[in-house]
Amino acid sequence: MIIYAKGFLMGCADAVPGVSGGTIALITGIYDRLIDSITSITPGELLNQASALFDEDESLDILFLMVLGAGILSAILLTLNFVHYMISNQLVATYSFFFGLISASLWTLKDEVDLGDSKKKFSGLTGFLLAFTLSGYATVSVSHGGLILFLSGMIAVTAMVLPGVSGSLLLLILGQYEYITAAVSNFTDSVPELLSGQIGPVISSSKPLLIFSMGGLIGLFTAAKTVEKALEHDRRTTMVFLVSMVLGSLRAPVLRIDQYIISQGLNPVNVAPEIISAVLLGALTVLLLHQVTEDQSS
């Protein structure tokens, strides 16, 4: 139950852009165990040892990952349903809150940035331009086809090993965040229909989530390990790239808010207090989490 509760907190964090589930894992004291468990698993070993699932297995720690994963999944389902409601009813405040979360995340990661040589500067410029360009493209022209969802799942799951970067932030950059929150909401709304024997709505609403989850599963065995190796090989350069991506991703919530204000014919001056309040609240949330993390590590 304790592991499940920690997973639940991680899921709540990863469901919103700018807050990393890895930060929660660090606060709750399971970050190292989580990384070791993920990077020690291969598909072959997982199948070979499935029969010994409930045995004590320190090398693979399958049961630990299953219980933690159940907590993460249940929290993501609940949180994304709430986020979908907020986006549908309070889009400006919600995306302003995201902007505050992401901005404060940059502050907490400032010590990871070292631009001491041309290699790191190039890495930072590449990361910024990649996120900035993708954020702009995704806002005006985005696809939600099967391949895009699959790749998004692969990319999002890498956040499990990225310090300070959440899966939701990567989805926001790719323009898939709102679509996934809506898909989760549609799926949970269709589940009660099973009681009346209507299985069609559940099957239809679960398709995009299944594709996304398959990509995440593949990413768990490939992309996440690649990032982990990059961090081991040259942590400073890798972190410069990642932090620069976070900086570039700030374009996404700004464009979405601007897009909404124009489409609704709102006066920017009238919504400014709402935007500022939500930004400050988001920033304060991350800074408090960072302070707790610092206290825990010390």
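Residues numbered from 1 in each chain as written. Predicted model: local features only at pLDDT ≥ 70, side-chain atom pairs only at ≥ 80, totals over all residues. Heavy atoms only, no water.

**Overview of the overall build of the protein**
For step 1, the next point in the chain: When you go through the protein residue by residue, the secondary structure sums to 15 helices and 0 strands.
For step 2, the next point in the chain: Looking at the 298 residues of the protein, the share that counts as buried comes to 46%.
For step 3, the next point in the chain: In the protein, the share of contacts with a sequence separation of at least 24, taken over all contacts with a separation of at least 6, comes to 81%.
For step 4, the next point in the chain: As displayed, the protein offers around 15,000 Å² of accessible surface, 67% of which is attributable to carbon and sulfur atoms. (Helix = DSSP H or I, 4+ residues; strand = E, 2+ residues; numbered from the N terminus. Buried < 20%, exposed > 50% of the residue type's maximum accessible area, 1.4 Å probe, protein only. Contact = heavy atoms within 4.5 Å. Areas by Shrake-Rupley, 256 points an atom, 1.4 Å probe, with all protein chains shown as cover.)

**Topic: helix α10 (residues 177–190)**
Note that an α-helix has 3.6 residues per turn; residues three or four places apart therefore point the same way.
For step 1, the next point in the chain: Given a rise of 1.5 Å per residue, 14 residues ought to cover 20 Å, and the 20 Å separating the end C-alpha atoms of α10 matches this to within 8%.
For step 2, the next point in the chain: Tyr177, Ile180, Thr181, Ala182, Ala183, Val184, Ser185 and Ser190 are the residues of α10 that are buried.
For step 3, the next point in the chain: At its buried positions, α10 is contacted by α5 (62–89), α6 (91–108), α8 (146–157), α9 (167–174) and α11 (200–221). (Expected span 1.5 Å × (residues − 1).)

**As for α6**
For step 1, the next point in the chain: An ideal rise of 1.5 Å per residue puts 26 Å on 18 residues; α6 measures up with 26 Å between its terminal C-alpha atoms.
For step 2, the next point in the chain: Most of α6 sits inside the fold, with 14 of its 18 residues counted as buried.

**With respect to the environment of serine 88**
For step 1, the next point in the chain: Within the secondary structure, serine 88 sits in helix α5.
For step 2, the next point in the chain: Put simply, serine 88 and glutamate 178 are 90 residues apart on the chain and 9.7 Å apart in space, counted from C-alpha to C-alpha.
For step 3, the next point in the chain: From its side chain, serine 88 meets the backbone oxygen of histidine 84 in a polar contact 2.8 Å long. (Polar contact = N/O pair within 3.5 Å; in protein donor to acceptor, adjacent residues only side chain to side chain.)

**What to know about the nonpolar core**
For step 1, the next point in the chain: Ranked by internal contacts, the top residues of the largest apolar core, which has 59 residues, are Met10 and Tyr177.
For step 2, the next point in the chain: Element by element, the count of residues in this core is highest for α6, at 8 residues. (Core = buried A, V, L, I, M, F, W, Y, C linked by side-chain atoms within 4.5 Å.)

**Re the confidence of the model for the protein**
For step 1, the next point in the chain: For the protein, the mean per-residue pLDDT works out to 83, and 87% of the residues sit at or above 70.
For step 2, the next point in the chain: Highest mean pLDDT in the protein belongs to helix α14 (residues 251–264) (92); lowest belongs to helix α4 (residues 43–48) (57). (pLDDT = per-residue confidence, 0-100.)

**Topic: the pattern of salt bridges**
For step 1, the next point in the chain: Scanning all chains against the criterion turns up 3 salt bridges.
For step 2, the next point in the chain: The partner of aspartate 117 in a salt bridge is lysine 120, and the shortest N-O contact between them spans 2.9 Å.
For step 3, the next point in the chain: By relative accessible area, aspartate 117 is classed as partly exposed at 31%.
For step 4, the next point in the chain: Here arginine 256 makes a salt bridge to glutamate 178, at a shortest N to O gap of 2.6 Å. Here the residue arginine 256 occupies a position in helix α14, and glutamate 178 occupies one in helix α10, the gap between them amounting to 78 residues.
For step 5, the next point in the chain: Residue classification places glutamate 178 among the partly exposed residues on the basis of a relative accessible area of 24%. (Salt bridge = Lys/Arg side-chain N within 4 Å of Asp/Glu carboxyl O.)

**Details of the packing of α6 against α14**
Each pair of packed helices can be summarised by the angle the axes make with each other and by the distance between the axes.
For step 1, the next point in the chain: Contact geometry of α6 with α14 gives a least axis separation of 9 Å together with a crossing angle of 165°. Relative to α14, α6 is oriented roughly antiparallel. As for how α6 packs across α14, the hand of that crossing is left-handed. Across from Leu91, Val92, Tyr95, Ser96, Phe99 and Ile102 in α6, the residues of α14 making contact are Pro253, Val254, Arg256, Ile257 and Tyr260.
For step 2, the next point in the chain: Residues that form the contact of α6 with α14 fall into these classes: 9 nonpolar, 1 polar and 1 charged. (Axes fitted to C-alpha atoms, helices over the stretch in contact; angles between N-to-C directions. Parallel < 35°, antiparallel > 145°, perpendicular 65-115°, else oblique. Left-handed = near helix turned anticlockwise from the far one by under 90°. Nonpolar A, V, L, I, M, F, W, Y, C, P; charged D, E, K, R; others polar.)

**With respect to the packing of aromatic side chains**
For step 1, the next point in the chain: Tallied over the full model, the rule gives 3 aromatic pairs.
For step 2, the next point in the chain: Pairing phenylalanine 98 with tyrosine 177 gives two aromatic rings, centres 5.6 Å apart and planes at 85°, and the pair type is edge-to-face. One end of the pair, phenylalanine 98, is in helix α6; the other, tyrosine 177, is in helix α10, with 79 residues separating them in the sequence. In this pair, the class of phenylalanine 98 matches that of tyrosine 177, namely buried.
For step 3, the next point in the chain: With a centroid separation of 5.5 Å and 25° between ring planes, the pair formed by phenylalanine 128 and phenylalanine 132 is classed as stacked. Highlighted residues: phenylalanine 128 and phenylalanine 132, both in helix α7 (residues 118–140), separated by 4 residues, approximately one helical turn.
For step 4, the next point in the chain: Lysine 110 extends its terminal NZ or CZ atom over the ring of tryptophan 107, reaching a point 4.0 Å from the ring centre.
For step 5, the next point in the chain: Looking at arginine 251, its charged tip hangs above the ring of phenylalanine 132, at a distance of 4.2 Å from the centre. (Phe/Tyr/Trp six-rings, centres within 6.5 Å; stacked < 30°, edge-to-face > 60°. Lys NZ or Arg CZ within 6 Å of the ring centre and 35° of its normal.)

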